[in-house]
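The residues making up each chain are set out below.
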Amino acid sequence: MADQIQPTARRLAYIDWMRGLACVLMFQTHCYDSWMSPEAKKSSSLIGWSRLGGTLPAPLFIFLAGVSFALVTEKLREKGIERSAIAKQTILRGAEIFGMGLLFRVQEFALGYPWSPWTDLLRVDVLNILGLSMMLMGVLCWVTGSGAAAAARIRTLVAGVFAAVIVAMLTPPLWTTHRLSFLPWPIESYINGVHIFKEPQPWLFPLFPWSAFAFAGLAVGFFLFSEFAKRREGLAFAALGATGIVACYLSVLFDSSRVRLYAVYDYWHSNPDFLLMRCGILLIILFLVYGWCRWGLAQKGFSPIIQLGKTSLLVYWVHIELVYGRFSILPKGQCSALKATSGLITIFVAMVALSLLRTNWKKWRVRASQ
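Residues numbered from 1 in each chain as written. Predicted model: local features only at pLDDT ≥ 70, side-chain atom pairs only at ≥ 80, totals over all residues. Heavy atoms only, no water.

Got a sec to walk through the overall build of the chain? Specific residues and values, please.
Each helix and strand in the chain was counted, giving 15 helices and zero strands. For 370 residues, the compact-globule estimate of 2.2 N^0.38 gives 21 Å, and the C-alpha radius of gyration of the chain, at 21 Å, lies within 12% of that figure. When the backbone C-alpha atoms are referred to their principal axes, the chain occupies close to 60 × 60 × 35 Å. For the chain, restricting intrachain contacts to residue pairs at least 6 apart in sequence, the fraction spanning at least 24 positions comes to 76%. Of the roughly 17600 Å² that the chain leaves accessible, carbon and sulfur atoms contribute 68%. Across the chain, the mean location of the 35 positive side-chain charges is 7 Å away from that of the 19 negative side-chain charges. (Helix = DSSP H or I, 4+ residues; strand = E, 2+ residues; numbered from the N terminus. Rg over C-alpha atoms; globule rule 2.2 N^0.38 Å. Contact = heavy atoms within 4.5 Å. Areas by Shrake-Rupley, 256 points an atom, 1.4 Å probe, with all protein chains shown as cover. Lys, Arg positive; Asp, Glu negative; His and termini not counted. Charge placed at Lys NZ, Arg CZ, Asp CG, Glu CD.)

Written as structure tokens, this is what we have:
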């Protein structure tokens, strides 16, 4: 969701399109969940498909943050900037996103007062974990960033894969048999999403396993900016798509195996097999979106999806209040599927308009300063 990790980074259409896709999937999930009545949810299969699509936005946002992070770091390394300066710049950007996450929670609490519980101020949301993941990636890039840019790229790529695997493998015990229960719940919640409850909550975004998507994106990003990918870009993306298919197959294979590495097996929430499946799906989507942007109609004329992707943080921030907040444009929990769909279309059009206003305002400021 970090629209620009670094303002001078060159925008890539497929990254913006994927981020815009995440926005659309997020809109439909939130709109149907907030506005449809309990009776409409029971009688319509739409809510099931909506929730299925809703499993993709958060992994997409965090994964793409890793890809963008690699782009920025690679460009700075090629310019000969010292790794300490790169780390400072990127870690501060991560801290800024983390601060925005805290500010967002304060806003939600204030607008929801007196109904919002004070514990919501400390809830681990996607912005919080996105910022922390960026700071961790900054540290990782600093550790692996010495020497020539090409050698540093390979080291960081390998380190990104290794970090993603470590996070995935540590998630099940940290959620079950080896929980850090001695920590205060606001701190433990950043590890396993326990919040104020007795068990970790799958609807929150703790570092384990969500930071694994960022490290996976970081590795993919450095691969895409390798010399091989620059020479054979289409083949590189095809290789990533094939890797995604293999990852999905391995996930199913491991899940059907009788071998169990953990005392508690929860495929759909904490198990590395499910994270492998989702990473595979992300790679397949990346390949398809690249093909759509290069050979399809994605960049023919104005693309509202790409436009949303350019300002995803802004539209995320605003649409939450218009869907879940005090300024909801439709009555929450009282609408039919048709009425909720009309609200979804309204939100989509409004967010595209807001995004255009934001980008045109930035262009006007640049022209005015010149």
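Back to the write-up after that little detour.
Pulling in residues and values, what's your account of the pattern of salt bridges?
One pass over the structure, following the stated rule, counts nine salt bridges. Between R123 and D125 there is a salt bridge, with the nearest N and O atoms lying 3.8 Å from each other. According to the relative accessible area criterion, R123 is partly exposed, its value standing at 21%. You can call D125 buried: its relative accessible area is 10%. Through salt bridges with shared partners, a single ionic network connects R105, R123 and D125. (Salt bridge = Lys/Arg side-chain N within 4 Å of Asp/Glu carboxyl O. Buried < 20%, exposed > 50% of the residue type's maximum accessible area, 1.4 Å probe, protein only.)

Before we move on, could you go through the state of the cysteines and cite the residues and values that matter?
As enumerated under the stated definition, the model contains zero disulfides in all. The thiol of C23 is not disulfide-bonded; the next cysteine sulfur, from C31, is found 12 Å away. Given the relative accessible area of 0%, C23 is considered buried. Here C31 is not cross-linked by a disulfide; its sulfur's nearest cysteine counterpart is in C335, at 10 Å. Judged by relative accessible area, C31 falls into the buried class, the value being 0%. (Disulfide = S-S within 2.5 Å.)

Tell me about the nonpolar core, and name the residues and values.
Ranked by size, the top nonpolar core spans 91 residues in total, and within it Y14, F27, I129 and L286 carry the most contacts. Discounting chain neighbours no more than four positions away, the residues touching I129 are I62, V124, Y190, F205, P206, L207 and W210. (Core = buried A, V, L, I, M, F, W, Y, C linked by side-chain atoms within 4.5 Å.)

So what's going on with a nonpolar patch on the surface? Residues and values would help.
Judged by side-chain polarity, V161, V165, M169, V259 and L261 come together as a nonpolar surface patch covering roughly 460 Å² of accessible area. Assignment of secondary structure puts M169 in helix α7 (residues 149-175). Here M169 falls in the partly exposed class, since its relative accessible area comes to 37%. (Patch = residues over 30% accessible without salt bridge, like charges linked within 9 Å, V, L, I, M, F, W, Y side chains within 5 Å.)

How would you summarise the packing of helix α1 (residues 13-35) against helix α14 (residues 312-323) if you had to cite specific residues and measurements?
Where α1 contacts α14, the two axes come as close as 11 Å, and the packing angle between them is 10 degrees. Comparing the axis directions of α1 and α14 gives the class roughly parallel. Between α1 and α14, the contacting residues are R19, C23, M26, F27, H30, C31, S34 and W35 on the first element and S312, V315, Y316, H319, I320, L322 and V323 on the second. When the residues that make up the contact of α1 with α14 are grouped by side-chain class, the tally is 10 nonpolar, four polar and one charged. (Axes fitted to C-alpha atoms, helices over the stretch in contact; angles between N-to-C directions. Parallel < 35°, antiparallel > 145°, perpendicular 65-115°, else oblique. Nonpolar A, V, L, I, M, F, W, Y, C, P; charged D, E, K, R; others polar.)

Any details on the side chain of Q201? Residues and values, ideally.
Assignment of secondary structure puts Q201 in the loop between α8 (185-192) and α9 (207-224). A polar side-chain atom of Q201 sits 3.1 Å from a polar atom in the side chain of W203. Once you skip the residues sitting within four places of it in the chain, Q201 turns out to touch W175, N192, G193 and V194. (Polar contact = N/O pair within 3.5 Å; in protein donor to acceptor, adjacent residues only side chain to side chain.)

Kindly report on the packing of α14 against helix α15 (residues 337-369), identifying the contributing residues and their values.
The N-to-C vectors of α14 and α15 enclose an angle of 145 degrees; their axes lie 10 Å apart at closest approach. The element α14 and its partner α15 pack so that their crossing is right-handed. Here α14 contributes L314, V315, V318, H319, L322 and V323 to the contact with α15, which in turn contributes I347, M351, L354, S355 and R358. Taken together, the residues of the contact of α14 with α15 break down into eight nonpolar, two polar and one charged. (Left-handed = near helix turned anticlockwise from the far one by under 90°.)

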